[in-house]
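Observations on the model geometry
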Amino acid sequence: MKRSRALSCPLCGGAASAPVDSRLTQCEYCDRRLFYTGDDFIPRMVLKPRFDETYIQSRFFSGLKGLLLPRGLPSRAFVLQKARRYVPFYLLTGKRGGVLDTVKERIVQDPSRGSGAWDTQGGAGMGGYYARQQAERVSVETTPDSRVVLGDFRYLYGAAVLQDLDIPGRELEDILERNLDIAEAARMQELSSSGEIIEATVPVKRVVQKGVESWQNAGEGVSVIEMDVRLVYVPVIEIVFRYGEEIYTVHIDEIEGALLSGHLPFRKEWAILAGVPLTAGLGFIVGKTLRSTLAFVMASGGRTEDTFAGIIWVGFFFMILLSIGLNLAWLLLRTPFHIKVLPGGQRRIAQASPVPRGPFTALSGFVTRALDQAIRGGSP
Amino acid sequence: MTPKKGAPASVLVPVLCPACGRELSVDRGDRIALCLTCRKATFLSRDLPTYDLSYVVPPSGSRKADRYVPFWRVEGEATILADEKKARLYAGIKRLGDLYYPAFWLPRIQHFQDFTMRYALLDGPLETEPREDPVPGGIRSPEMLRAMARLTWLTHLDRVEDVSGVDVRYEVKRITLAAVPFFRESNAWLDGICLSKLPPNLF
Amino acid sequence: MKLRCAQCHADFVPERDEAFLRCPYCHSFLFLDGSQTYKRLALPASIPASRAAALLRRDARRRDLALPGTGLQAQGFLYPFWGIRGTDLQDTLPAFSPVPFALNAFRLPASKVQWDTGEDVKGFKRVDPGETRSLEWMDHPSITSFSLYAVPFYRFRFGAADSPCEAFVDGVKGTVLWGLTPPSSTIAASRRYWLLMLALLAVTAGLAGFLPGFWVPFIAANAAAVASYPLFKKTFVPAEAPK
């Protein structure tokens, strides 16, 4: 922990903590007000949640409805945990200024130039003639110039790694950018009693370095005159629920009420509706092929070579059919699909984990490799 | 009990007026503390630099301010270093008066981008009066004022003629904390000097 | 500088400016954070990583959850937890952030404890306590003492890259704690599925092979598919969760 050293009160020598949410603190021994002047102090702000529990709940349950989701999911989802998380962002503001060397361009027309002769270089006919006239008369003159820059900057940067939490940092940053005006000073004790504060693990030095580099790239001569670094917390609700034996999560932001991310169960009926007709269709093709092959063999008068050819053809056909067709039907029903919630409430069918191996997985692998070799002409 | 003399400066400083020893008035989140008895503003840092506190009188009459907002007022002398041709051009422009820079912080401070120039181009310095109203929100350090004053002058000159090869030497004579009156209208804030409209949720 | 002992509440002046101290009155080993002193303890791991993986597989089989056949890697972590005591309360709170869902309800087990000297423990990565994790309760008047415990866990992550499943095995007692679970393995369902699929294939192939023409066997095959749909659904769609 950063506060592993105690501070001494300058008046009585008693121990005092480095404050967390305000530089103002108090000596626990003499009760005098003290001010922490250390450079490592970062003021903290928060966007207060805008919606009450009822709204968040209704937002959550309305998000459990959809064509891709199991019927009755809103009534059958069992909420295991509903927790607020305060996600930290660094807010860098300040002033940058300097004198930028630039160049001023001036278009100069010289009326003395221009031959008036026909020329086909600029194009055919009269268009080419006039184009060449213009090109000869006009030139661009550059002169050194400068521009004084004195302006404010504002830069937002994630202060924690959010991938493990499945919270989309970029979208939250946009939400914060749009709602910065409602940010207020955070009372950390209040925050910690109303939710989990995610620690800012990204070092502030790295953020400042990135920010300063980006401004300096804007042009030599411009430098940072003043910089203020703050932490701003954005509240997100995480809802963990169970459907059947499986656990799912959903994140909702409490500023604009948007579904940010999460996973939902997939309605398996769709996979069955695709897999069953596929199997029946394959069976139909098999039956028809067998019937045709048998008819061909009988028509050939039982000649050995024709019978043999027929058997090879049927055998090869079956291999392709089983390895590709049946495997596809297997995949449709055995792939553990789930619905991934994307920012803005969009949904995408995604694979939750690798598909278990089926009886024809090895065969389909063999056939695929053989076909691939055949197409490439045997080259690796 | 006061800190021992000669001891290294502590990172914790008592919130007491360096002049009279009374407790200073400062809000949570602020860094500029006021002693309304001495009419001084102290920037809370290890050195505790102190500045005079003055309240600006609104030129528009005797309307009572709804809020006093802290600005750093910089009084100084600018010397323009330029070639003869440019010096002649600059000689004709209006010289900037006292420079006022916001001492408070807002996430989107661009509302105050041109306030410095507007106040500096007023005819004559602004009148002040003694008061004891609170002036909350003072956060920004006065360390950057000299650099900002120089650039403000360069910006002013750049409007007339390109400042390539031009420099401004700015000598700061005095820095004070100026409490500028702001008035609340139904759906806006108005600054008490130019009566410019600002968004209602600013403060 | 004056400090107050977390054990006996006596005021004392530390001899040296150090984070790790000893109270001259009750001789407790104390750790210094801000102006508070507390004991810093550790629960030694009694379960090796290989046994943790076996415990996880056993629990997954019991719950019919699908685990990958190979590649189940354990990552060892020492997570800090506050053990809090008050006038009428005793609680365990995570001292780090973010807290995985699986560890939210973790309670310190009754176990042998030892002093945590802050040194590295082989096979475990230490997770630092969070600065803000104690704000909620630190100044509560009913809290009489608190200590920081470093608890060993094995973390297992598997599944798709954008939605990994997660489980923890506590390195002291071997309790398995699930976060995002993998889907159910439905091994029994798979066997039934294959039987049904092959049966449907055989029926439709037979209809197509024996019935003359195109439309009659085509309609018959579709009818067989429609008739078999409820059987497939019963096999594969999970039994609806109770309301």
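Residues numbered from 1 in each chain as written. Chains lettered and ligands numbered in written order. Predicted model: local features only at pLDDT ≥ 70, side-chain atom pairs only at ≥ 80, totals over all residues.

Time to look at the overall build of chain C. Broken down by element type, chain C carries three helices and twelve strands. Within chain C, the proportion of its 243 residues that are buried is 36%. Residue pairs in contact within chain C that sit at least 24 positions apart in sequence constitute 61% of those at least 6 positions apart. (Helix = DSSP H or I, 4+ residues; strand = E, 2+ residues; numbered from the N terminus. Buried ≥ 20, exposed ≤ 12 C-beta atoms within 10 Å, placed from the backbone. Contact = placed C-beta atoms within 7 Å.)

When you go through chain B residue by residue, the secondary structure sums to three helices and ten strands. Considering only C-alpha atoms, chain B reaches an extent of 65 × 50 × 30 Å along its principal axes. Within chain B, buried positions represent 33% of all 203 residues. Expressed as a percentage of contacts within chain B between residues at least 6 apart in sequence, the contacts between residues at least 24 apart total 64%.

Take helix 1 (residues 49-63) of chain C next. All names here are of chain C. With 15 residues, helix 1 extends 21 Å between its outermost C-alpha atoms, agreeing within 8% with the 21 Å of an ideal straight helix rising 1.5 Å per residue. When helix 1 is considered as a whole, its buried residues turn out to be Ala52, Leu56 and Ala60. Relative to the axis of helix 1, the buried residues are bounded by an arc of 75° and lie together on one face. Among the exposed residues of helix 1, those oriented more than 90 degrees off its buried face are Ser50, Arg58, Arg61 and Arg62. Within two residues after helix 1, Asp64 carries a phi angle of roughly 60°, on the positive side. (Expected span 1.5 Å × (residues − 1). Arc of directions from axis to C-beta.)

Turning next to the domain arrangement of chain C. Interface size is commonly expressed as the accessible area that is lost once the parts come together. Domain boundaries in chain C define domain 1 (1-34), domain 2 (38-178) and domain 3 (187-236). Once you take the C-alpha centre of each, domain 2 of chain C and domain 3 of chain C turn out to be 51 Å apart. (Domains from an automatic or database assignment.)

Attention now moves to the sheet that holds strand 1 (residues 12-14) of chain B. The three strands lie next to each other as 3(A)-4(A)-1(B), forming an open sheet whose pairing is antiparallel. Both edges of this open sheet fall to strand 3 (24-26) of chain A together with strand 1 of chain B, since each of them pairs with a single strand only. If you compare each strand with its neighbour and ignore which way they point, the axes differ by 40° on average. In this structure, strand 3 of chain A lies alongside strand 4 (residues 33-36) of chain A, joined through three bridges in antiparallel fashion. Its bridge partner being in strand 4 of chain A, Gln26 of chain A is matched across the sheet by Arg33 of chain A. (Pairing = 2+ DSSP bridges. Axes fitted to C-alpha atoms, helices over the stretch in contact; angles between N-to-C directions.)

Position of Ala65 of chain B among the secondary structure elements: in the loop between strand 4 (50-56) and strand 5 (67-81). Not counting residues within four places of it along the chain, the set of residues in contact with Ala65 of chain B comprises Pro181, Phe182, Phe183 and Gly192 of chain B.

Right, let's talk about the environment of Arg58 of chain C for a bit. Following the sequence through the fold, Arg58 of chain C ends up in helix 1. Sequence separation between Arg58 of chain C and Val176 of chain C is 118 residues, and the spatial gap between their C-alpha atoms is 9.7 Å.

The next subject is the interface of chain B and chain A. The interface of chain B with chain A comprises 32 residues on the first partner and 35 residues on the second. Breaking the side of chain B that touches chain A down by element, the ones donating at least two residues are strand 1 and helix 3 (145-158) of chain B. Residue contributions to the side of chain B that touches chain A peak at seven residues, all from helix 3 of chain B. Of the pairings in the sheet, the one linking strand 4 of chain A to strand 1 of chain B comprises three bridges and is antiparallel in character. If you follow Phe35 of chain A over to strand 1 of chain B, its bridge partner there is Val13 of chain B.

Now for the pairing of strand 6 (residues 74-86) of chain C. All names here are of chain C. Summarising the sheet, strand 6 and strand 9 (residues 125-126) pair through two bridges and their orientation is parallel. Directly across from Leu78, in strand 9, lies its bridge partner Arg126. The pairing of strand 6 with strand 7 (residues 90-94) spans five bridges and is classified as antiparallel. Its bridge partner lying in strand 7, Gly83 is registered against Thr92.

Turning our attention to helix 3 of chain B. Residues and elements named next belong to chain B. Relative to the 20 Å expected for 14 residues at 1.5 Å per residue, helix 3 spans 20 Å between its end C-alpha atoms, a close match to the ideal helical length. With respect to burial, helix 3 is a largely interior element, twelve of its 14 residues being buried. Residues of helix 3 that are buried include every one of Leu145, Met148, Ala149, Arg150, Leu151, Thr152, Trp153, Leu154, Thr155, His156, Leu157 and Asp158, and no others.

As a further point, take the confidence of the model for chain C. All names here are of chain C. Per-residue confidence for chain C gives a mean pLDDT of 81; residues scoring 70 or more make up 85%. Mean pLDDT across the elements of chain C bottoms out in strand 4 (residues 29-33) (69) and peaks in strand 9 (94). Interface confidence for the predicted complex, expressed as ipTM, amounts to 0.88; the pTM equals 0.82. (pLDDT = per-residue confidence, 0-100.)

A separate point is the environment of Pro19 of chain A. Residues and elements named next belong to chain A. For Pro19, the location among the structural elements is in the loop between strand 2 (15-16) and strand 3. Residues Pro19 and Phe41, spaced 22 residues apart in sequence, show a C-alpha to C-alpha distance of 8.1 Å. Excluding residues within four positions of it along the chain, Pro19 makes contact with Leu24, Thr25 and Tyr36.

Turning our attention to unusual backbone geometry. Omega for the peptide link from Ser97 of chain C to Pro98 of chain C comes to -5°, which places this bond in the cis form. Assignment of secondary structure puts Pro98 of chain C in the loop between strand 7 and strand 8 (114-115). Positive phi values are uncommon outside glycine, yet Leu195 of chain B reaches one of about 55°. With respect to the element layout, Leu195 of chain B can be found in the loop between strand 9 (189-191) and strand 10 (197-198).

If you look at the biggest cluster of nonpolar residues, it comprises 58 residues, and the most contacted ones within it are Phe71, Trp72, Tyr101, Ala179 and Val180 of chain B. Of the residues forming this core, the biggest block, seven residues, is contributed by helix 3 of chain B. If we ignore the near neighbours within four places in the chain, the residues touching Trp72 of chain B are Tyr101, Ala103, Pro142, Leu145, Ile175 and Leu177 of chain B. With 48 residues, the next largest nonpolar core counts Val46, Leu176, Ile247 and Leu259 of chain A among its residues. (Core = buried A, V, L, I, M, F, W, Y, C linked by C-beta atoms within 7 Å.)

Our next topic: the pairing of strand 6 (residues 78-109) of chain A. Residues and elements named next belong to chain A. Pairing between strand 6 and strand 10 (residues 222-243): 20 bridges, direction antiparallel. Looking at the pairing, Tyr86 lines up with Pro235 of strand 10. Examined bridge by bridge, strand 6 and strand 9 (residues 196-197) share two bridges and lie parallel to one another. Bridging from a neighbouring strand, Arg85 pairs with Glu196 of strand 9. Both strand 6 and strand 7 (residues 138-158) contribute to a ladder of 21 bridges, which runs antiparallel. Across the sheet, Ile107 pairs through a bridge with Val140, a residue of strand 7.

Our next topic: the confidence of the model for chain B. Low pLDDT means the predicted coordinates in that region are not meant to be read closely. Across chain B, the average pLDDT comes to 88, with 92% of residues at or above 70. This stretch, residues 1-8 of chain B, has a pLDDT under 50; its non-local contacts, to residues over four places away or in other chains, come to six contacts.

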